[in-house]
Amino acid sequence: ARPRPVSPHDILRKTFGYETFRPGQEGIVTTLLAGRNVLAVMPTGSGKSLCYQVPALARGGLAIVVSPLVALMQDQVAALKLAGVAAESINSAQDREENVAIWRRVAAGEVRLLYLSPERLMTERMVGALARLNVQLIAIDEAHCISQWGPAFRPEYDMLQTLRQSFPGVPIGAFTATADEATRRDIVGKIFGGDAEVYVAGFDRPNLQLAVSPKDNAKQQLIDFLDGRAGQSGIVYALSRKSTEEWAAFLVSKGFRAIAYHAGMSAEDRAEAQSLFMTEKGVIVCATIAFGMGIDKPDVRFVFHADLPSSLDAYYQEIGRAGRDGSPADVKMVYGLGDIQLRRRFIDQEEGGDERRRREHKRLDALVAYCEAPECRRQNLLFYFGEESPPCGNCDVCLDPVHLVDGTAEAQWVLEAVKTTGQRFGAAHVADVLAGKSNEKGDTLRHTELPVFGIGKAQGRQHWQSMIRQLVGGGYLAIDVAGYGGLSISPKGHALARGDGSFRYRQDPVRTSRKAERARK
Ligand code: ADP
Ligand code: ZN
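Residues numbered from 1 in each chain as written. Chains lettered and ligands numbered in written order. Predicted model: local features only at pLDDT ≥ 70, side-chain atom pairs only at ≥ 80, totals over all residues.

Under an unreviewed UniProt entry, the name given to the protein chain is DNA helicase RecQ, and the source organism is Aestuariivirga litoralis. Annotation of the protein chain in UniProt includes, under Sequence similarities (unreviewed entry), the sentence "Belongs to the helicase family. RecQ subfamily." (UniProt positions renumbered as here; feature names shortened; annotations may be inferred.)

Rendered as structure tokens:
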């Protein structure tokens, strides 16, 4: 008996550990699951593999993945095995015995995804043997190779044209990062005989104006952001259920129509909040990530992140709810060291192995890098999804360019202060020491007598807080997530302290960007 079908979302979550599909992925997955052919054109790094791996697992049986490079196959197979998926590859880098043993497992129905080069696959013997098995899906990676218009013409790819006859009724997905109109037509003709749906995924949302600011006074920052937006619909995302209620109450006290939305509310209350947002004008929903799934309101004019999201993927998803009608919409995030600390702690507390945690920390690094980026936000965001683009001219950085200042000497002061206070105090205390502000801890522990005490009095403690945040963002300082946010020096930080390398930082643009925001209205 065939096992009960598993939903693609469950597979995405449980096997791959992702909350949501990226743009394009879901449509491709659904189409392949429905048994129809797909040609997908998506940038490198945008997540093509998942588009066939998820349906391969959801359909059951065997999926054949055609991939041109042994190294690529090995990477994918290793990653899938780590996720507990029975994936294998038969290739020239393995000895004959190994290949034979793998083939036995394939023939016995024990393998879900089998990676092959076109040369391995397209022999009469291999195709014949595979055709007798329960093949449910075929995926062709780097499909542009099949086209004579493609940049890297490989004759073996040409033979893939016969697959649809050898495996009638089996959906085929062809994937490539580069295919202009002519190449696409060529591929669809050759592989599918004209019968395929074509997906071209792009990530750019040019009508969204992106901005990020260091959190100094989030409430004031939100009020400034909302200046001139009366009557517009928008979303304020916050981390905790309780804080969504506080934000809603705060906005109501300031005369806005605001409501809270989170998973702790009754189904009835949630439905009511949602319908208010959908049907009436000028409602601001203060929500956790629970809000947004399946909400398709075209005229959401702004999204404000009061807390750091979990990753750039989550961020993209959440800001993507603004401006669906194509008219300009503003998205802004405020974030601080506390946010990074909290997010790191969440990751460490998560279930799942070290590998998973390591990956999550890396994804958070990418988000922090986005927040601290001295270059165009959109460029930075799209680069994460594999798309190259020129500076947008429309984000906070483009409109108000960041001036990077050499701060190597100052960074060394910070590192010295962290070191001489014992690598266990948080940013607030280290900033106090540098700015020469005495506090109880400092007095007791005689930090007032350290050579670095007051060394940066002229710059003030705000400045040092900002420096510390950027040093954490740049990986020079690590933040203790289990305890109270104590700072310690990373290997990169030690190198900088020794005089290896240099450190450039941005002067926090909070005030100027506020002015710029006003000027635009
Ligand atoms: P491509 O094959 O298009 O070059 P990959 O399939 O290698 O891209 O994916 C690139 C990165 O994106 C991988 O690190 C992958 O784990 C990640 N990724 C893919 N889909 C998602 C998703 N839905 N959510 C979060 N990350 C994803
Ligand atoms: Zn820009």
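Now, onward.
When helices and strands are tallied, the protein chain shows 24 helices and 17 strands. Once the C-alpha set of the protein chain is aligned to its principal axes, its extents read approximately 80 × 60 × 45 Å. The buried share among the 521 residues of the protein chain stands at 42%. (Helix = DSSP H or I, 4+ residues; strand = E, 2+ residues; numbered from the N terminus. Buried ≥ 20, exposed ≤ 12 C-beta atoms within 10 Å, placed from the backbone.)

On to the site of ligand 1, then. In the region of ligand 1, 13 residues are neighbours, and Tyr18, Gly47, Lys48, Ser49 and Asp313 sit closest. Sort the elements by how many residues they give to the shell around ligand 1 and helix α3 (residues 48-59) lands first, with three residues. (Near = placed C-beta within 6 Å.)

What follows deals with the packing of helix α20 (residues 427-435) against helix α22 (residues 461-473). The N-to-C vectors of α20 and α22 enclose an angle of 130 degrees; their axes lie 8 Å apart at closest approach. Classified by the angle between their axes, α20 and α22 sit oblique to one another. In terms of crossing hand, the pair formed by α20 and α22 is right-handed. Across the interface between the two elements, Ala427, Val430, Ala431, Asp432, Leu434 and Ala435 of α20 pack against Arg461, Trp464, Gln465 and Ile468 of α22. Per-class residue counts for the contact of α20 with α22 are seven nonpolar, one polar and two charged. (Axes fitted to C-alpha atoms, helices over the stretch in contact; angles between N-to-C directions. Parallel < 35°, antiparallel > 145°, perpendicular 65-115°, else oblique. Left-handed = near helix turned anticlockwise from the far one by under 90°. Contact = placed C-beta atoms within 7 Å. Nonpolar A, V, L, I, M, F, W, Y, C, P; charged D, E, K, R; others polar.)

What follows concerns the pairing of strand β4 (residues 113-116). Across four bridges, strand β2 (residues 62-66) lies against β4 in parallel orientation. Bridge pairing in β4 places Ile64 opposite Leu114. Sheet topology note: the strand β3 (residues 87-89)/β4 ladder contains three bridges and is parallel. Residue Ala87 lies in a different strand from β4, and its bridge partner there is Leu113. Viewed along the sheet, the connection from β3 through helix α5 (residues 96-107) into β4 turns out right-handed. (Pairing = 2+ DSSP bridges. Right-handed = clockwise from strand over helix to strand, strands pointing away.)

Residue placement: His305 occurs in strand β12 (residues 300-305). In sequence terms His305 and Ala101 are 204 residues apart; their C-alpha atoms lie 53 Å from each other. Sequence-distant contacts of His305, that is, excluding residues within four places in its chain, are made with Tyr237, Met333 and Val334.

Moving on to the sheet that holds strand β9 (residues 233-237). Read from one edge of the open sheet, six strands run β8-β13-β12-β9-β11-β10, paired in parallel fashion. Each edge of the open sheet carries a strand with a single partner, namely β8 (208-214) and β10 (257-261). Neighbour to neighbour, the strand axes of the sheet diverge by 15 degrees on average, direction disregarded. As paired strands, β8 and strand β13 (residues 329-335) are joined by seven bridges and run parallel to one another. Its bridge partner lying in β13, Val212 is registered against Met333. The strands touched by helix α11 (residues 218-226) within the sheet are β8, β9, β12 and β13, with β13 carrying the most contacts at an inclination of about 170 degrees.

The next subject is the sheet that holds β3. Reading across the sheet, the seven strands line up as β3-β4-β2-β5-β6-β1-β7 and stay open at both edges, with parallel pairing between neighbours. Only two strands of the sheet have a single neighbouring strand rather than two, namely β3 and β7 (197-200). Here the average twist between neighbouring strands, direction ignored, is 20 degrees. Direction of pairing for β2 relative to strand β5 (residues 135-140): parallel, over a ladder of five bridges. Within the sheet, the bridge partner assigned to Leu62 lies in β5 and is Val135. In this fold α3 packs onto β1 (38-41), β2, β4, β5 and β6 (172-176), with an angle of close to 175 degrees to the strand it touches most, β5.

It is worth spelling out α22 at this point. In this model, α22 (13 residues) spans 18 Å end to end at C-alpha, consistent with the 18 Å of a helix rising 1.5 Å per residue. The element α22 is extensively covered by neighbouring structure, given that ten of its 13 residues are classed as buried. Taken together, the buried positions of α22 are occupied by Trp464, Gln465, Ser466, Met467, Ile468, Arg469, Gln470, Leu471, Val472 and Gly473. Two residues or fewer past α22, Gly475 is found with a positive phi of approximately 80 degrees. (Expected span 1.5 Å × (residues − 1).)

Attention now goes to the confidence of the model for the protein chain. Scored by pLDDT, the protein chain comes out at a mean of 90, with 95% of its residues at no less than 70. This prediction of the complex comes with two scores: 0.78 for pTM and 0.97 for ipTM. (pLDDT = per-residue confidence, 0-100.)

It is worth spelling out the pairing of β5 at this point. Where burial is concerned, most of β5 is hidden: five out of the six residues are buried. Pairing between β5 and β6: three bridges, direction parallel. Across the sheet, Ile140 pairs through a bridge with Ala174, a residue of β6.

Right, let's talk about unusual backbone geometry for a bit. Even without being glycine, Glu142 reaches a positive phi, approximately 50 degrees. Here Glu142 lies in the loop between β5 and α8 (155-158). Note on Glu142: 22 C-beta atoms within 10 Å, which makes it buried.

Another aspect to go through is the nonpolar core. In summary, soluble globular proteins display a tendency toward joint burial of nonpolar side chains. In terms of nonpolar packing, the biggest core is built from 87 residues, with Val236, Val285, Cys286, Val414, Val430, Leu434 and Ile468 touching the most fellow members. Every residue in contact with Val414, bar those within four places of it in the chain, is listed here: Val430, Leu434, Trp464, Met467, Ile468 and Leu471. Counting residues in hydrophobic clusters, the runner-up holds 56 residues, among them Leu12, Val29, Leu50 and Ala87. (Core = buried A, V, L, I, M, F, W, Y, C linked by C-beta atoms within 7 Å.)

Between helix α2 (residues 25-33) and α3, the least distance of the axes is 9 Å, while the angle of their chain directions is 35 degrees. Regarding α2 and α3, the two cross each other, and that crossing is right-handed. Here α2 contributes Gln25, Ile28, Val29, Leu32 and Leu33 to the contact with α3, which in turn contributes Leu50, Cys51, Tyr52, Val54, Pro55, Ala58 and Arg59. Across the contact of α2 with α3, the residue classes tally to ten nonpolar, one polar and one charged.

With that settled, the discussion passes to helix α12 (residues 241-253). Under the 1.5 Å per step criterion, the end-to-end length of α12 is 19 Å for 13 residues, consistent within 8% with the ideal 18 Å. What α12 keeps buried is the set Thr244, Trp247, Ala248 and Leu251. Burial along α12 is one-sided: seen end-on, the buried residues are contained in an arc of 100 degrees. Packing partners of the buried residues in α12 comprise β9, β10 and β11 (283-287). (Arc of directions from axis to C-beta.)

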